[in-house]
Amino acid sequence: SLAERTGLALPTSSGDSMPAEALEGVLDVERVTSFALAFDPALRAYLEELGVAQADFAQATRLANPTLFGARLRSDPGGGHQTSVGLVADLLDWIVQPRRRRHATLELEATKLRVGDRLLRQVGAARSAFYESVAARQVVSRLERVLAVEEAAAELAERQVDAGNLSRLALSQQRSALHETAVELGRARLAVATANEHLARAIGY
């Protein structure tokens, strides 16, 4: 199975709920990696090839079973019967078996390399997309906190201006900082959407 070959637990929930869990940050990197491996059609195709190559290798290492034969012959009138038992082996099978084994070994090793390469690339892509998504969400979270502070500061600055304790220029500067943070937050949220798209593709959604 894929779990046995990768050493990773496979998801058991439905396909529709998996990406939502991942994109909401519920899953850790190992779980996301499991999803990516479980639903990668190319990897599944390679694993099927590996199964065929393993079966071919097992077949190539076996020799055809010899044939058991027996005969009961009558030697001459009144002389009784003679029983003969023997084994017949396929000589050609014995001759070509080493070559067949070498060919199957090469095919098996080549398939293992293809599976390994796909595993590494898929794991790398899934983990990279996961960390990209996590980092993007962290930036949004930080900017949301900054924006809340600046909104409160702007409200306080307006009251101070009304009370004559702060200049209009200082209020304008505070509002400008608030606007810049809001714009930066908007960009960060777009970055989260982009990162989530990358993550969704990485886990095969």
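Everything numeric in this text was worked out from a predicted model, so none of it was measured. (Residues numbered from 1 in each chain as written. Predicted model: local features only at pLDDT ≥ 70, side-chain atom pairs only at ≥ 80, totals over all residues. Heavy atoms only, no water.)

(A) Region of the structure containing the overall build of the chain. What the chain contains, in helices and strands, is 6 helices and 2 strands. Of the regular secondary structure in the chain, the N- to C-terminal order runs α-α-α-α-β-β-α-α. Split into buried and exposed, the 205 residues of the chain put 27% on the buried side. Once local pairs closer than 6 in sequence are excluded, the contacts in the chain between residues at least 24 apart make up 69%. When the accessible area of the chain is evaluated, it comes to approximately 13,200 Å², of which 56% is carbon and sulfur surface. (Helix = DSSP H or I, 4+ residues; strand = E, 2+ residues; numbered from the N terminus. Buried < 20%, exposed > 50% of the residue type's maximum accessible area, 1.4 Å probe, protein only. Contact = heavy atoms within 4.5 Å. Areas by Shrake-Rupley, 256 points an atom, 1.4 Å probe, with all protein chains shown as cover.)

(B) Up close: the packing of aromatic side chains. Counting across every chain of the model gives 1 aromatic pair. Ring geometry for Phe 130 and Tyr 131: centres 5.5 Å apart, planes at 70 degrees, overall edge-to-face. (Phe/Tyr/Trp six-rings, centres within 6.5 Å; stacked < 30°, edge-to-face > 60°.)

(C) Summary view of the environment of Val 149. Take Val 149: it is sitting in helix H5 (residues 91-162). Along the primary structure Val 149 and Leu 178 are separated by 29 residues, whereas in three dimensions their C-alpha atoms are 9.1 Å apart.

(D) Inspection of the environment of Val 32 at higher detail. You can see Val 32 is positioned in helix H3 (residues 29-38). The exposure class assigned to Val 32 is buried, which follows from its relative accessible area of 0%. Distance from Val 32 to Arg 127, taken between C-alpha atoms, is 7.5 Å for residues 95 residues apart in sequence.

(E) Structural context of helix H6 (residues 168-202). Counted at 1.5 Å a residue, the expected span for H6 with its 35 residues is 51 Å, and the 51 Å between its end C-alpha atoms agrees. Within H6, the full set of buried residues consists of Leu 171, Leu 178, Thr 181, Leu 185, Ala 188, Val 192, Ala 195, Asn 196, Leu 199, Ala 200 and Ala 202. Once H6 ends, the next one or two residues include Gly 204, with phi positive near 80 degrees. (Expected span 1.5 Å × (residues − 1).)

(F) Examining the pattern of salt bridges more closely. Applying the stated criterion to the full structure yields 6 salt bridges. A salt bridge links Glu 49 to Arg 114, with the nearest nitrogen and oxygen atoms 3.1 Å apart. Of this pair, Glu 49 sits in helix H4 (residues 41-60) while Arg 114 sits in helix H5, and the two are 65 residues apart along the sequence. For Arg 114, a relative accessible area of 33% corresponds to the partly exposed category. (Salt bridge = Lys/Arg side-chain N within 4 Å of Asp/Glu carboxyl O.)

(G) Inspection of the side chain of Gln 122 at higher detail. The residue Gln 122 is located in helix H5 in this model. Residue contacts for Gln 122: discarding those within four places in its chain leaves Ala 36, Leu 37, Asp 40 and Ala 202.

(H) Expanded view of the environment of Leu 143. Structurally, Leu 143 is set in helix H5. Looking at Leu 143, the relative accessible area reads 3%, which means it is buried. As a C-alpha pair, Leu 143 and Arg 189 span 46 residues in sequence and 9.9 Å in three-dimensional space.

(I) Here's a closer look at the side chain of Glu 150. For Glu 150, the location among the structural elements is in helix H5. Nearest to the buried, unbridged Glu 150 among oppositely charged side chains is Arg 142, at 8.9 Å. For Glu 150, the contacting residues outside a window of four places in its chain are Gln 174, Ala 177, Leu 178 and Thr 181. (Lys, Arg positive; Asp, Glu negative; His and termini not counted.)

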